[in-house]
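Listed below, chain by chain, are the residues.
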Amino acid sequence: ADNMPPSSDPSPEGGSELERLETLTGTLRGKLAAAMARKADGAAGGSDAAELVAGSGLALLELKQLNRRVWELVGEYKEGTQRANAGVDAAELKLQNLQYEKNHFLREITHLRDFRQDAGPRIELLAEGEF
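Below is a summary of the structure that appears in this document. Computed from a predicted model, the values in this text were never measured in an experiment.

Remarks on the overall build of the chain
Then, in step 1: Helices and strands together make up the secondary structure of the chain, namely two helices and zero strands.
Then, in step 2: Summarising the internal contacts of the chain: among those between residues at least 6 apart in sequence, 76% fall at separations of at least 24.
Then, in step 3: As presented, the chain carries roughly 11100 Å² of accessible surface, and 58% of it is formed by carbon and sulfur atoms.

Regarding helix H1 (residues 17–41)
Then, in step 1: Helix length check: H1 (25 residues) gives 36 Å between terminal C-alpha atoms against 36 Å at 1.5 Å per residue, within 8%.
Then, in step 2: Within H1 the residues assigned to the buried category are Glu-17, Leu-21, Leu-24 and Leu-28.

Considerations on the pattern of salt bridges
Then, in step 1: Under the counting rule described, the total for this entry stands at three salt bridges.
Then, in step 2: For Glu-72, the salt bridge identified is with Arg-69, shortest N-O distance 3.2 Å. Here Glu-72 and its partner Arg-69 are both found in helix H2 (residues 46–114), three residues apart, which amounts to about one turn of the helix.
Then, in step 3: According to the relative accessible area criterion, Glu-72 is partly exposed, its value standing at 40%.
Then, in step 4: On the accessibility criterion, Arg-69 (18% relative accessible area) is buried.
Then, in step 5: Linking Glu-76 and Arg-69 is a salt bridge whose minimum nitrogen-to-oxygen distance equals 3.7 Å.
Then, in step 6: Among the ionic contacts, a cluster of salt bridges with common partners joins Arg-69, Glu-72 and Glu-76.

What about the nonpolar core?
Then, in step 1: Residues Leu-21, Leu-24, Leu-28, Ala-59, Leu-63, Leu-66 and Val-70 constitute the largest nonpolar core, which totals seven residues.
Then, in step 2: For this core, the secondary-structure elements that each account for two or more residues are H1 and H2.
Then, in step 3: With four residues, the single largest contributor to this core is H2.
Then, in step 4: In contact with Leu-21, not counting residues within four places along its chain, are Leu-63, Leu-66, Asn-67 and Val-70.

Some details on the environment of Glu-22
Then, in step 1: Relative to the assigned elements, Glu-22 resides in helix H1.
Then, in step 2: Of the residues examined, Glu-22 reaches a relative accessible area of 54% and is grouped as exposed.
Then, in step 3: Remark: the alpha-carbon pair of Glu-22 and Leu-66, spanning 44 residues in sequence, is separated by 9.9 Å.

Conventions and cut-offs
Residues numbered from 1 in each chain as written. Predicted model: local features only at pLDDT ≥ 70, side-chain atom pairs only at ≥ 80, totals over all residues. Heavy atoms only, no water. Helix = DSSP H or I, 4+ residues; strand = E, 2+ residues; numbered from the N terminus. Contact = heavy atoms within 4.5 Å. Areas by Shrake-Rupley, 256 points an atom, 1.4 Å probe, with all protein chains shown as cover. Expected span 1.5 Å × (residues − 1). Buried < 20%, exposed > 50% of the residue type's maximum accessible area, 1.4 Å probe, protein only. Salt bridge = Lys/Arg side-chain N within 4 Å of Asp/Glu carboxyl O. Core = buried A, V, L, I, M, F, W, Y, C linked by side-chain atoms within 4.5 Å.

Right under this line is the structure:
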């Protein structure tokens, strides 16, 4: 919920952009079906046809605008997701680096504990004053 764009609030029409997009698509389909039915009946209603074309044109312009807005929202969500993923990737890389260092130090500790001084000539340590 943190990576949701602030502009994804419902539109003033009472629904989200996607719901309005679906409503407009249904409206356009209905008007197209009505126009096709009139054409099939052979009715030559000039004023009715002009009214259908004008209403469809306005609905089509609004449909294009809403479609553009929906794709902008999709882009914003993708950017938010990429930012969140970048943070997770950075934390995961840091964790892997720390695990590698820990394992390296554990191997060094094991190696030093297993080191036997009697494997070769004994080396005597000098007193600090003589050094």
